[in-house]
Amino acid sequence: MLYNEIRDSIHKAVVKTYGKIEVPNFSVETPANTAHGDFSTNVAFVLAKQLKKSPTDIAGELIYSLVKDLPKFDIKVLPPGFINFWLSEEALKSEFLNIFKRREKYGQSMTKKEKVLVEFLSANPTGPIHIGNGRGAFFGDVLVKILKRRGYGAKSEYYINNAKASEQIKNLGKTGQGKYDAYPYVFDMYIKDNPALVKKIKKMTPANAGFTLARFIQEKNKKIIEKKLNIKYDNYFSEESLFASGEVQKMKKFLAKKDLVYEKDGALWFKAEKFGDTEDRVLLRSTGEPTYFLTDIVYHFNKLKKRKFHRIVNIWGADHHGYAPRLKASLKALGFEEENIQIIITQFVRLVEQGKEVKMSKRKGKFITLEDLVGEVGLDAARFFFLEKTSDTHMDFDLKLARERSVKNPVYYIQYAHARIANILKKAGRKKIVPRKGGYKYLREKEEIVLIKKLIFFPGVFQEIAEDNHVNRLTKYAYELARDFHNFYERHRVITEDKDIYEERLGLVYASGVVFKIILDTLGISAPDKM
RNA sequence: GCCCUCGUAGUUCAACGGAUAAAAUGCAAGAUUCCGAAUCUUGCGAUAGAGGUUCGAUUCCUCUCGAGGGCACCA
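It should be emphasised that the depicted structure is a prediction, and the values quoted were computed from it without experimental measurement. (Residues numbered from 1 in each chain as written. Chains lettered and ligands numbered in written order. Predicted model: local features only at pLDDT ≥ 70, side-chain atom pairs only at ≥ 80, totals over all residues.)

**Things to note about the protein's contact with RNA strand B**
Here's step 1: Close to RNA strand B lie 70 residues; Ser27, Ser40, Phe45, Arg285 and Gly322 are nearest.
Here's step 2: Looking at the surface near RNA strand B residue by residue, the classes come out as 25 nonpolar, 27 polar and 18 charged. (Near = placed C-beta within 6 Å. Nonpolar A, V, L, I, M, F, W, Y, C, P; charged D, E, K, R; others polar.)

What follows is the structure, given as structure tokens:
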């Protein structure tokens, strides 16, 4: 890929020019301003201190080696010391041909990378999936798809908190049996119309009743996840299964053997403070029941050790961020490294109505389900609405506004580009287009070049996201690509008299369609031929 | 009280420490004999406040103000 080629060449140039010095971290990026080229690097700035020279001088010295090494680019130094790269037309067209060669596999990495497990959503099986879960749900779904495409052995997973030993399952059971009211909405949503289920759990222990009810709720949620949210998990993992397999028992012994626990006040404590947490944490209550933390240690040990994932990514809501040090401490104690576990916190969605906050409480049954939202604004608009925002900023959600915005949602702008492409190909009577033998020498108009450039930067966008998890960049890129396509379309007729121009523009349209399709599939948004 | 996030145009929101802070929406003005106007063009408008580090700060550090979250033998 172009980006990597430049990186390597800069590294080589520094060593060649200055001998064996420490090469600091430098950046290679695509400048916002097109006057600054297709790529630029700040390497001269980061070397300035060490070499005690001005950035302009350093850039001037490095450029000789770079020019020799990168004939694909025109390279210039611009003040105050950036080195800027312009892709030659030949290199541009040659990269463009790759889209035809790889088609729906364009941007797919051939090199195999580490195994990654992405766990997300994992809503408690005590109720429906609400709006606040939307961010993590769609974010995780798209991240996994991107990782897979970039060659990671990535899998998605949903963790079901259904341990019979847990308080929440027992309380759920009692609620279902009408003995307690921990979850007021449960009756309306799951019990009322289901006498068979009520009869079935009536005589069970609270734990078994809760487990049974949780399975029922979970099945409902799973259907919504797959059918309504368009998320297909590689795996659903049951917390209770860790008890059945004996892994919880084994872990207790293991931790004791490693001298990581002690008894106090009749409970069993984990020495979390020793590994970076603010205090020690309970693993077994004085009643002898395990806490969620114990099974969570087992679960993550299972991910890293038993299933051999090199890296695990957990996507959690902001209400769990205080829990992160505890989990990390436990994994550190078990011998794993910081880089083995990534926790991504998605900030809360605040529900507002006419500027005033509406308190959303799952416990009190005051919430809007994600299913409702999707029904209200449509899946495509809903997915885009969540996916276009970074996960770490707070988000205000006004359903009225969301309805309004859904009509003007940028997703339609992108889908419209796809529909226009389909329409042109249909009009031209072509489905699949093979590249021209002589190359694409007639594509020289400004809008054509801009569009080609945007298309060939596509693999780099996926790579960046795979590296830094900023999934929202994909929606932004998709929007820009649509804009570049619409601009091209507005100014230049594809179906024209001139046969060469006709064929080449048709190729450009086709290649754009290929990339749009990949992006929309990745986002989990439909790619319509007609709207 | 202690800890963690966040604060950018009227609104919804972008920006690995990089060059002139990007868009959408809104408002104003304009574009269609021709592949779909759900489109295109132009204009208006923002980094909460005060210091500091740096060649360079929306980004890092300190304080103030404001919003959200966490401080369980719940999950």
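Still more to cover.
**Focus: helix 2 (residues 43-51)**
Here's step 1: Listed in full, the buried residues belonging to helix 2 are Val43, Ala44 and Leu47. Down the axis of helix 2, the buried side of the element spans an arc of 80°, and every buried residue falls inside it.
Here's step 2: Contacts from the buried residues of helix 2 go to helix 1 (2-18), strand 2 (39-41), helix 3 (55-69) and strand 4 (82-87).
Here's step 3: Of the residues flanking the end of helix 2, it is Lys52, one or two places downstream, whose phi is positive at about 55°. (Buried ≥ 20, exposed ≤ 12 C-beta atoms within 10 Å, placed from the backbone. Helix = DSSP H or I, 4+ residues; strand = E, 2+ residues; numbered from the N terminus. Arc of directions from axis to C-beta. Contact = placed C-beta atoms within 7 Å.)

**A few points about the UniProt feature "short sequence motif: 'HIGH' region" (unreviewed entry) in chain A**
Here's step 1: Here the UniProt-annotated "short sequence motif: 'HIGH' region" (unreviewed entry) positions come out as residues 123-133.
Here's step 2: Overall, residues 123-133 shows 0% helix and 0% strand. The separation of its end C-alpha atoms is 8 Å. (UniProt positions renumbered as here; feature names shortened; annotations may be inferred.)

**Side note on the UniProt feature "domain: Arginyl tRNA synthetase N-terminal" (unreviewed entry) in chain A**
Here's step 1: The UniProt feature table records "domain: Arginyl tRNA synthetase N-terminal" (unreviewed entry) at residues 4-87.
Here's step 2: Spanning residues 4-87, this segment combines 46% helix with 20% strand, and its end C-alpha atoms are found 14 Å apart.

**Brief notes about the sheet that holds strand 1 (residues 28-29)**
Here's step 1: Within the open sheet, the four strands sit side by side as 1-2-4-3. Their pairing is antiparallel. Unpaired on one side and paired on the other, strand 1 and strand 3 (73-78) mark the two borders of the sheet.
Here's step 2: Here strand 2 runs beside strand 4; their pairing, made up of three bridges, is antiparallel. By the bridge assignment, Thr41 is partnered in strand 4 with Ile83. (Pairing = 2+ DSSP bridges.)

**Looking at the domain arrangement of chain A**
Here's step 1: Each assigned domain of chain A is listed with its residue range as follows: domain 1 (2-87), domain 2 (120-243 + 347-408) and domain 3 (410-523).
Here's step 2: Relative placement of domain 1 and domain 2: their C-alpha centres are 49 Å apart. (Domains from an automatic or database assignment.)

**Things to note about the nonpolar core**
Here's step 1: Leu62, Ile83, Val142, Leu455, Leu474 and Val515 are the most contacted members of the largest nonpolar core, which has 122 residues in total.
Here's step 2: A per-element tally of this core places helix 21 (residues 499-523) first, with ten residues.
Here's step 3: Setting aside residues no more than four positions away along its own chain, Ile83 makes contact with Ser40, Thr41, Val43, Ala44, Ala59, Leu62, Ile63, Leu66, Ile75 and Val77.
Here's step 4: With twelve residues, the next largest nonpolar core counts Tyr183, Ile201, Phe211 and Leu213 among its residues. (Core = buried A, V, L, I, M, F, W, Y, C linked by C-beta atoms within 7 Å.)

**Observations concerning the packing of helix 5 (residues 134-149) against helix 15 (residues 379-387)**
Here's step 1: At a minimum axis distance of 9 Å, the contact between helix 5 and helix 15 shows a crossing angle of 90°. Judged by the inter-axis angle, helix 5 sits roughly perpendicular to helix 15. Of the residues in helix 15, those in contact with Gly134, Arg135, Phe138 and Val142 of helix 5 are Arg383, Phe386 and Leu387.
Here's step 2: Its residues assigned to classes, the contact of helix 5 with helix 15 shows four nonpolar, one polar and two charged. (Axes fitted to C-alpha atoms, helices over the stretch in contact; angles between N-to-C directions. Parallel < 35°, antiparallel > 145°, perpendicular 65-115°, else oblique.)

**Things to note about the environment of Tyr477**
Here's step 1: Along the chain, Tyr477 falls in helix 20 (residues 472-491).
Here's step 2: The sequence separation of Tyr477 and Phe457 amounts to 20 residues, and the corresponding C-alpha distance is 9.5 Å.

**A look at unusual backbone geometry**
Here's step 1: Here the residue pair Pro79 and Pro80 is connected by a cis peptide bond, since its omega of 5° sits within 30 degrees of zero.
Here's step 2: Locating Pro80 in the fold gives a position in the loop between strand 3 and strand 4.
Here's step 3: At Asp265, a position not held by glycine, the phi torsion is positive, near 50°.
Here's step 4: One can find Asp265 in the loop between strand 8 (261-264) and strand 9 (267-270).

**Description of the confidence of the model for chain A**
Here's step 1: On average, chain A scores 91 in pLDDT, and the residues at 70 or more come to 97%.
Here's step 2: Of all secondary-structure elements in chain A, the lowest mean pLDDT belongs to strand 14 (residues 356-357), at 64, while strand 7 (residues 235-238) reaches the highest, 98.
Here's step 3: If you check the scores for this complex, the pTM reads 0.94 and the ipTM reads 0.95. (pLDDT = per-residue confidence, 0-100.)

**A word on the sheet that holds strand 9**
Here's step 1: The strand order across the open sheet formed by three strands is 8-9-10, and the pairing between neighbours is antiparallel. Where the open sheet ends on each side, the last strands, each with one partner, are strand 8 and strand 10 (281-284). Averaged over all adjacent pairs, the angle separating strand axes in this sheet is 45°, with direction ignored.
Here's step 2: Direction of pairing for strand 9 relative to strand 10: antiparallel, over a ladder of three bridges. Along strand 10, the bridge assignment pairs Leu268 with Leu284.

**Topic: the packing of helix 4 (residues 89-102) against helix 18 (residues 446-456)**
Here's step 1: Running from N to C, helix 4 and helix 18 cross one another at 60°; their axes reach a closest spacing of 9 Å. With respect to helix 18, the axis of helix 4 lies oblique. The two elements helix 4 and helix 18 cross, and the hand of that crossing is left-handed. Across the interface between the two elements, Leu92, Glu95, Phe96 and Ile99 from helix 4 touch Ile452, Lys453, Leu455 and Ile456 from helix 18.
Here's step 2: Residue composition of the contact of helix 4 with helix 18, by class: six nonpolar, no polar and two charged. (Left-handed = near helix turned anticlockwise from the far one by under 90°.)

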